[in-house]
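# Overview (structure and organization)
What follows is the residue order along each chain.
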Amino acid sequence: LVKHEIKEGQNMQNYKMWIGGQWVESDSGKTFHTYNPATGEVVSEVPLAGKSDVDKAVAAARKAFPYWSRKSQAERSAIVARIAAAIREHSDELSRLEVLEHGAILEHALGMIEFSAGNIELAASGARTLMGKVLPAVPSMGDVPDSTPNTVVYLKREPVGVCALITPWNVPSLLIATKIGPCLATGNTCVIKPPSINSGIGLKWAEILAKLDLPPGIVNIITGPGGSIGHALATHSGVDLISFTGSSETGKSIIAASSQTVKTLMMELGGKNPVIVLEDADIETSAEELCMIAFQNVGQNCAQPSRFYVHEEIHNKFVEKFIATAKKIKVGDPSDKNTVMGPVVSKEQRDRIEGYIKSAIDEGAKLVLGGKRPTTPPLNKGYYVMPTVFTDLTPNMTIAREEVFGPVVGFFRFNSDDKALEEANNSVYGLCASIWTKDYARGLRFVNELQVGSVWINQHMNLVPETPWGGFKESGLMKEGGVIGPEGYTQLKYVCIKHK
Amino acid sequence: MDTYKMWIGGKYVEAETGKTFGVINPATGEEIARVPLGGQADVEKAVAAATRAFPEWSGKSQPERSAIVNRIGALIREHTEELAMLDCLDHGTPITMARHMITAGAAGNFEFNAQAARSLMADVIPIRPDALHFFHREPVGVCALIIPWNVPLPLIGSKLGSALSVGNTCVVKPPSIDSLAALKLAEILDKAGLPEGAVNIITGPGDIVGHALAVHPGVDLISFTGSSETGKQIMARASQTVKRLTLELGGKNPFIVLEDADIDAAAQKAVTSSLLNSGQICASPGRYYIIERHHDEFVSKFIEGAKNFKVGNPLDEKTNMGPLVSAEHRDKVEYYIRSGIEEGAKLVLGGKRPTEPPFDKGYYVMPTIFTNVTQNIKIAREEIFGPVACVLKYKSEDEVIELANDNTFGLCASVWTRDILKAISFAKKLRAGTIYINDHLTIGPEMPWGGFRESGIGKENSVVGLEEYTQLKLIAMELTK
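The rules behind the values
Along each chain, residues carry numbers from 1 onward, in the same order as the chain's sequence is written. Written order determines the labels here, with chains lettered from A and ligands numbered from 1. A pLDDT threshold of at least 70 governs which residues receive local features in this predicted model, and a stricter bar of 80 or more applies before side-chain atom pairs are shown or counted, although totals over entire chains, interfaces and linings include all residues. As a convention, hydrogens and water are excluded, and side-chain values are obtained from all of the structure's heavy atoms. In short, DSSP must find at least two bridges between two strands for them to pair. Secondary structure elements are defined from DSSP: runs of H or I of at least 4 residues count as helices, runs of E of at least 2 residues count as strands, and each element is numbered from the N terminus. Only heavy atoms enter the contact rule, under which two residues are in contact if any of them lie within 4.5 Å. Orientation is described by lines fitted to C-alpha atoms, with helices fitted over the stretch in contact, and by angles between N-to-C directions that extend from 0 to 180 degrees. Exposure above 30% relative accessible area and no salt bridge define the residues that can form patches, which grow by joining like charges within 9 Å and nonpolar side chains of Val, Leu, Ile, Met, Phe, Trp and Tyr within 5 Å. Using a 1.4 Å probe, accessible areas were evaluated by the Shrake-Rupley method; residue-level cover was limited to the displayed protein chains. Between Lys or Arg on one side and Asp or Glu on the other, a salt bridge is scored when a side-chain nitrogen of the former is within 4 Å of a carboxyl oxygen of the latter. Neither His nor the chain ends is counted toward charge; the positive residues are Lys and Arg and the negative residues Asp and Glu. To locate a charge, the coordinates of NZ of Lys, CZ of Arg, CG of Asp or CD of Glu are taken. Exposed residues in this analysis have more than 50% of their type's maximum accessible area, buried residues have under 20%, and partly exposed residues fall in between, with area computed by a 1.4 Å probe over protein chains only. Here a polar contact is taken to be a pair of N or O atoms separated by no more than 3.5 Å, where protein atoms must pair a possible hydrogen donor with a possible acceptor and residues adjacent in sequence count only if both atoms sit in side chains. Helix span is expected to be 1.5 Å times the residue number reduced by one.

All names here are of chain B. Spatially, the three strands line up as an open sheet ordered 1-5-4, and their pairing is mixed. The sheet is open, and its two edges are formed by strand 1 (2-3) and strand 4 (20-25), each paired on a single side. Pairing of strand 1 with strand 5 (residues 30-36) involves two bridges; the strand directions are parallel. The residue bridging aspartate 2 from the neighbouring strand is alanine 33, located in strand 5. With respect to the sheet, helix 3 (residues 80-91) is in contact with strand 4 and strand 5, its orientation differing from that of strand 4 by roughly 90°.

Shown next, in the form of structure tokens:
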């Protein structure tokens, strides 16, 4: 952990971890702090878990599994639906913490909590109709050829077991919800590791869940750095499934670590998402809409647009409108209700983003907006980066290839559909994309050719609880959530019964 | 002249009464064959044979059953020329189209169903680990498949292919006026390895044989394709023994050309959709709604295309359109043409029989186009089932959706526009079972087919259609006691 100067905020809270239905310290007794990215002040003090805490949490989840997985589906769905209701009841409390610890603006935080409750509700519903399959009967070994097959053959759906849910800091509550809903609804138990820098939010979830009288151990929440406890979960022989959302880099190390125990994996990793604006698009509305989407949550969403391919006929007009819109974005204290964009989540993240900005300038991209921190107090104390726009990108620049995860976008020009497609697909990522045009036949050809997991036409990042999410290529493995969410947390057992 | 036999319990038989009736070549008016006049007693025999065959056929493993149905497809392909010729002779199908109906239509349907049935699954329902609730998917039993005269072989492929693949046994009643290819099919089925009586084919008038099947307590499911009028009678009769029903009935299908449509493409498709099989296809457009601005252009291109659609002897490889199926049907189509003229529509093409020999002897009606058709005249409301196109003008998109939906049929519709978004919103508002966008009339084994409203019940073709020939039994097991 990076050493921070300790400046205790007025509202600093101490949290404990939640293992086997008990509130516990870490075995070592050590703790660490989380910070308000708008001020640098300490928000939470949380236990620093180690290997032995992971063992305890996994053991608790393992112990709870038989009881939880044997419950009737109706009962389990009812309990999961109660979690959704509790999250909604504590919406204010959770949102305030997202503002303090993550730097989200209140409106966004409230939206994400509602989204979280929606995800859990849908999982509770979906699990009730998640069917196994009965297959046509097969002949048994030794049967007389052509005789009637005396078998019943079916695929039975079962929970996978103990799931490690490793959640990211970009939308802390939402991703806990996306994973915990389908995981629990289908009969699994879990160990949640929230992001270390937003550990307070994770343990606030524990406080809410603790009031619900859940069977002890079905959910365990432990806090600590990914490098130690994330790794411990990934290699733990008692963990059957890992659902991870985060960077491709970390994802790859988890895949490698988990390979030795052959775990089921659900990986939602990075993106470098192209937006393709064709010459017949509505420039005004598309530029405005895309600008607001690009800088929402300070550009820290995996689904956000980052590579803009704009047809050369309209490129300049589009960029002009985009910049004009970006200039109007009010950057400021996330607790101020007029603020549209707050700080990035941490000092490290700001430094990383600034590194990308510098590389873009060095490599010849043209900075047309932002690129700096705000200098006026009190913003100079927080981890702010102003909305930043580059033009004249070329395919090999670092800014064109790597995920920045901040309020930075880059523009390319193109003059043929084939060229735009080729460049858009020229990435190791394949998370999502959008196409902006009035010509839907042309738009649908892009849909067919783009190597990404989600595509929008004339919108971007329109995500609802029903949306399953998951990328192609190095953006991940499998789809998570949405109407098919519960499916991902089950395994199919082939059963063949011979009868008289 | 050939006298055909029925096929019951694996035997080629005459009607119990020994009576036969004549089959006429609609291109010449000549009798070309005689077929048995089946009656109540023959229906009894056929249902009994199907009932006897059911345990063996339904007891076969799925791979074996699918292999046999697939073999039927292959044998049909081998006999394409022979079957196509019969279709050509007793229905008047132009020979090139007849071949296509046998290969892609009949054989294609048997093959698709054989494949689809191998992975037709049922659900295991999530309850709790100490209870097992699952569906056992079973065949329905004895199915009566009542086939229409417009495309008999493809529809036998669809209905018989589905019914057999999932383990039902069947009584097939082909249409009286063009049953020759269906009776010939018995010889093919005979070679495929079916148990005796798994399929029975009987001929005779719908109001006797069809009626007897519809009320028969031994019949579990009726699949009928034909007119809405007959469909309603079958439904009423079948109601007394609560049979499962699949009904594919009539249509008066709107073909809607919007302001930004490709008029050439629309007019070209209008010609083939209206005139293919002499307009005797349930999916044919019954009403052309053309935006005012493009009306005249569309009509002139439609007329030009229709004039080039070659009417002639069905045996001629160059013929695009043959005669109507029968004298009675020609009279019915001509009645509609007269009614169109009397009610003020403007006849801009055709409307008559050809007069030059040899066509004067067949039941031909030339490609016919009416303009100035108004929404409430008879030809705009009723299914004509002939080579008669009715063109209506409209002014606004809202208006045309209302006009298109203003009919008791709801089989299919098409929307012509370059704006896919608009097409989708149109598709959602139209009350019909299939909506084509920039296309019309395409049907294939993978495409579920079935209308809304008085156009029918259920779907045929595709996996959804196959499911109609099965029933689900819930097996609910307690494992604790």
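We now examine a negative patch on the surface. All names here are of chain B. A cluster of acidic residues, Glu292, Asp398, Glu399 and Glu402, forms a negative patch on the protein surface. With three residues, helix 13 (residues 397-405) is the single largest residue contributor to the negative patch. Residue position: glutamate 402 is located in helix 13.

Okay, a nonpolar patch on the surface next. Residues and elements named next belong to chain A. Taken together, the side chains of Ile255, Leu477 and Met478 define a hydrophobic patch exposed on the protein surface, amounting to about 220 Å² of accessible area. Relative to the assigned elements, isoleucine 255 resides in helix 8 (residues 248-258). Residue isoleucine 255 is classed as partly exposed on the basis of its relative accessible area, which comes to 30%.

Moving on, we come to the pairing of strand 5 of chain B. All names here are of chain B. Bridge count for strand 4 against strand 5 is six bridges, and the pairing is antiparallel. Bridge assignment links glycine 22 to a residue of strand 5, and that residue is arginine 34. Following strand 4, the chain reverses through four residues before pairing antiparallel with strand 5; glycine 29 in that reversal takes a positive phi of roughly 80°.

Residue and element names in this part refer to chain A. Relative to the helices and strands, serine 248 is located in helix 8. Within the structure, serine 248 has its side chain in polar contact with the backbone nitrogen of glycine 270 (distance 3.2 Å). Sequence-distant contacts of serine 248, defined by excluding residues within four places in its chain, comprise Leu269, Gly270, Tyr429 and Glu474.

Residues and elements named next belong to chain A. Across its 13 residues, helix 9 (residues 283-295) extends 18 Å between first and last C-alpha, which sits within 8% of the 18 Å expected from 1.5 Å per residue. Within the sequence span of helix 9, burial applies to Ile283, Ser286, Ala287, Leu290, Cys291, Ile293, Ala294 and Phe295. On the buried face of helix 9, the contacting elements are strand 13 (273-277), strand 14 (305-311), helix 10 (315-327), strand 16 (388-391), strand 17 (408-414) and strand 19 (432-436). Capping the start of helix 9, aspartate 282 holds a side-chain oxygen 3.4 Å from the backbone nitrogen of glutamate 284, two or three residues further along. Just downstream of helix 9, asparagine 297 is the residue with a positive phi angle, here 50°.

Residue and element names in this part refer to chain B. Read from one edge to the other, the open sheet built from seven strands follows the order 15-16-17-14-13-19-20, with strand pairing classed as mixed. The open sheet has two free edges, formed respectively by strand 15 (346-349) and strand 20 (434-437), since each of these has just one partner strand. Within this sheet the neighbouring strands show an average axis-to-axis angle of 25°, counted without direction. The pairing of strand 13 (residues 253-257) with strand 19 (residues 412-416) spans three bridges and is parallel. By the bridge assignment for strand 19, valine 257 is matched with tryptophan 416.

Moving on, we come to unusual backbone geometry. In this model, proline 377 of chain A is joined to proline 378 of chain A through a cis peptide bond whose omega is 0°. In this structure, proline 378 of chain A sits in the loop between strand 15 (366-369) and strand 16. A cis amide bond links proline 357 of chain B with the next residue in sequence, proline 358 of chain B, at an omega value of 5°. Here proline 358 of chain B shows up in the loop between strand 15 and strand 16 (368-371). Residue lysine 473 of chain A is not a glycine yet carries a positive backbone phi of 50°. Here lysine 473 of chain A is to be found in strand 21 (residues 472-473).

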